[in-house]
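Inside the fold
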Amino acid sequence: CKEVGGMERNNEFIENVEFDETDAKPSKHPDYHDTSGLDQETVKNECQEVEGKPQSGKVVDPNVYRMVSTPRGMAMIINNGAFQPESGFPPRRGSDVDVQKLAHLFQYLGFAVSVKQDLAQAEIMESIDAFKQQFEETIVDMCIVCIMSHGSGGNLVDIQGYEIDVEEEILKKFYNTQCPALQGKPKLFLLQYCRGGELDLGVEVTSEFRDALPVDRLKLQRISKLPAVTDFLIANSTVPGFVSNRNMKYGTWFFQCLVEVFKENAKDMDIRDMFDQITRVLNEKESNDSSRRKQTFEVTNRGFYKKLYFNPDEVLDEEYKNDEEYENDDDTVSDKQEQNKKGFKKRVREAWKALFN
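Residues numbered from 1 in each chain as written. Predicted model: local features only at pLDDT ≥ 70, side-chain atom pairs only at ≥ 80, totals over all residues. Heavy atoms only, no water.

The secondary structure content of the protein chain amounts to 11 helices and 14 strands. Counting all 357 residues of the protein chain, 46% fall into the buried class. Total accessible area on the protein chain stands at roughly 18100 Å², and carbon and sulfur atoms take up 46% of it. (Helix = DSSP H or I, 4+ residues; strand = E, 2+ residues; numbered from the N terminus. Buried < 20%, exposed > 50% of the residue type's maximum accessible area, 1.4 Å probe, protein only. Areas by Shrake-Rupley, 256 points an atom, 1.4 Å probe, with all protein chains shown as cover.)

Here it is, written out as structure tokens:
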């Protein structure tokens, strides 16, 4: 991709400015400025709903998805970050940040996580099939599939540049007709790739719109048969026809917002309400260049008719918060401080290493 924005080349500027790319092929669009020559080193339950809130209990609410299994579910992350030269696609710099943050988040939510990196089309299909098979062998309450790559013609591409029809080749594998082990269970797909070449340059807010905003916004019942497709939430990082933005230091805009909102709210907020929050956060993002690019993501609901609360373990929840506070501390902590830091961060680091073994 071509990074965007007229950027000074001195190290101080590079350290303090976000560089935003798009997950599409290099473009001749006039708002693109090529900075590909920069040295990469410098781009540094059971539960019941009472008055809208989930509650632990013996009574199962038919309007709330069960989320009590251990693990809560299984999550697979496929990230294509390094592309072969013949593909015509550049590296997706910053995608490794998304992988680490998402793996961390899913582990906090109680999921068993597997990570696959830089796959060709056949390897992607094999990974999807092997992942789906796990649900035949282990009973869990939810499935998450996260795929990150470049896009072309509205399709996902592999590291060789070959297009993959996500609908036909991936999503349909998890339909009730093809994956009975997940019937009636929530299936979340997080898809990060460009779905076209158009830049979202935003639009100036009209006075009528501004005046309409609030002041603070200015600053199964049992059935004999199931439909072929139910319990799907599909979140695309952008809408059809548009590029998807990625920061080389902090990762993709979509997953920056998703991780932030899920970390803060997964304990007591329904997933669709969290997606509403993600929309608000993403609407506020803007690229650091003269075009001031924007981005809109899209959630498709296919028979996902219940509330879903992740119900993360309370102990892990507290350790996760402590871990986040620790990560925000000054990097120059003493050896004694480092030795005294035990628990969740160490377990996550060990689990992270195990993901690739």
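So, next bit.
With that settled, consider the nonpolar core. In terms of nonpolar packing, the biggest core is built from 41 residues, with Phe 106, Leu 190 and Phe 310 touching the most fellow members. Elements that contribute at least two residues to this core include exactly strand S4 (73–79), helix H2 (95–108), strand S5 (111–117), strand S6 (142–148), strand S10 (187–192), strand S11 (232–236), helix H7 (253–265) and helix H8 (271–283). Per-element tally for this core: the top contributor is H7, with 8 residues. Residues in contact with Phe 310, not counting those within four places in the same chain, are Met 67, Arg 72, Leu 109, Phe 111, Met 142, Ile 144, Phe 262, Ala 266, Ile 271 and Met 274. Counting 28 residues, the second largest nonpolar core, distinct from the first, contains Ile 78, Phe 135, Ile 170 and Tyr 175. (Core = buried A, V, L, I, M, F, W, Y, C linked by side-chain atoms within 4.5 Å. Contact = heavy atoms within 4.5 Å.)

A separate point is unusual backbone geometry. For the bond running from Thr 70 to Pro 71, omega is -5°, close enough to zero to count as cis. Among the structural elements, Pro 71 can be located in the loop between strand S3 (53–56) and S4. Phi angles above zero are rare outside glycine, and Arg 292 is one such case at about 50°. Considering the arrangement of structural elements, one finds Arg 292 in the loop between H8 and strand S14 (298–302). Judged by its relative accessible area of 42%, Arg 292 falls in the partly exposed class. The backbone of Asn 311 sits at a positive phi, close to 50°, despite the residue not being glycine. Among the secondary structure elements, Asn 311 is positioned in the loop between S14 and helix H9 (314–327).

A separate point is the packing of aromatic side chains. Under the definition given, this model contains 13 aromatic pairs. Seen in terms of ring centroids, Tyr 65 and Phe 304 are 4.7 Å apart; in terms of plane orientation they differ by 55°. Their pairing is tilted. (Phe/Tyr/Trp six-rings, centres within 6.5 Å; stacked < 30°, edge-to-face > 60°.)

Strand order in the open sheet formed by 6 strands is S5-S4-S6-S10-S11-S14, with mixed pairing between adjacent strands. Because the sheet does not close on itself, it has two edges, and the strands there are S5 and S14. Neighbour-to-neighbour, the strand axes of the sheet open up by a mean angle of 10°, direction not taken into account. Strand direction decides the pairing type here: S4 and S5, joined by 7 bridges, are parallel. Across the sheet, Asn 79 pairs through a bridge with Gln 117, a residue of S5. Across the sheet, H2 touches S4, S5, S6 and S10, and the angle it forms with S4 is around 180°. Along the sheet, H7 makes contact with S6, S10 and S11, crossing S10 at roughly 140°. (Pairing = 2+ DSSP bridges. Axes fitted to C-alpha atoms, helices over the stretch in contact; angles between N-to-C directions.)

A word on the pairing of S6. Regular strands place their side chains on alternate faces of the sheet. Among the 7 residues that make up S6, 7 are buried, leaving the element largely enclosed by the rest of the structure. Of the two faces of S6, both are covered, the one formed by Met 142, Ile 144, Cys 146 and Met 148 as well as the one formed by Cys 143, Val 145 and Ile 147. The pairing of S4 with S6 spans 7 bridges and is classified as parallel. Within the sheet, the bridge partner assigned to Met 76 lies in S6 and is Val 145. Direction of pairing for S6 relative to S10: parallel, over a ladder of 6 bridges. Among the inter-strand pairings, Val 145 is bridged to a residue of S10, identified as Phe 189.

A sheet is described by the order of its strands in space; here 3 strands give the open sequence S1-S12-S13, paired in antiparallel fashion. Two strands lie at the open edges of the sheet, namely strand S1 (20–22) and strand S13 (251–252), each paired on one side alone. As paired strands, strand S12 (residues 245–247) and S13 are joined by 2 bridges and run antiparallel to one another. From the neighbouring strand, Asn 247 faces S13, where its bridge partner is Gly 251.

For the protein chain, per-residue confidence averages 79 on the pLDDT scale, and residues scoring 70 or more make up 68% of the total. Every residue in residues 1–16 is under pLDDT 50, and counting partners more than four places away or in other chains gives 51 contacts. Between residues 325–349, whose pLDDT stays under 50, and residues either more than four places distant or in other chains, the model counts 20 contacts. (pLDDT = per-residue confidence, 0-100.)

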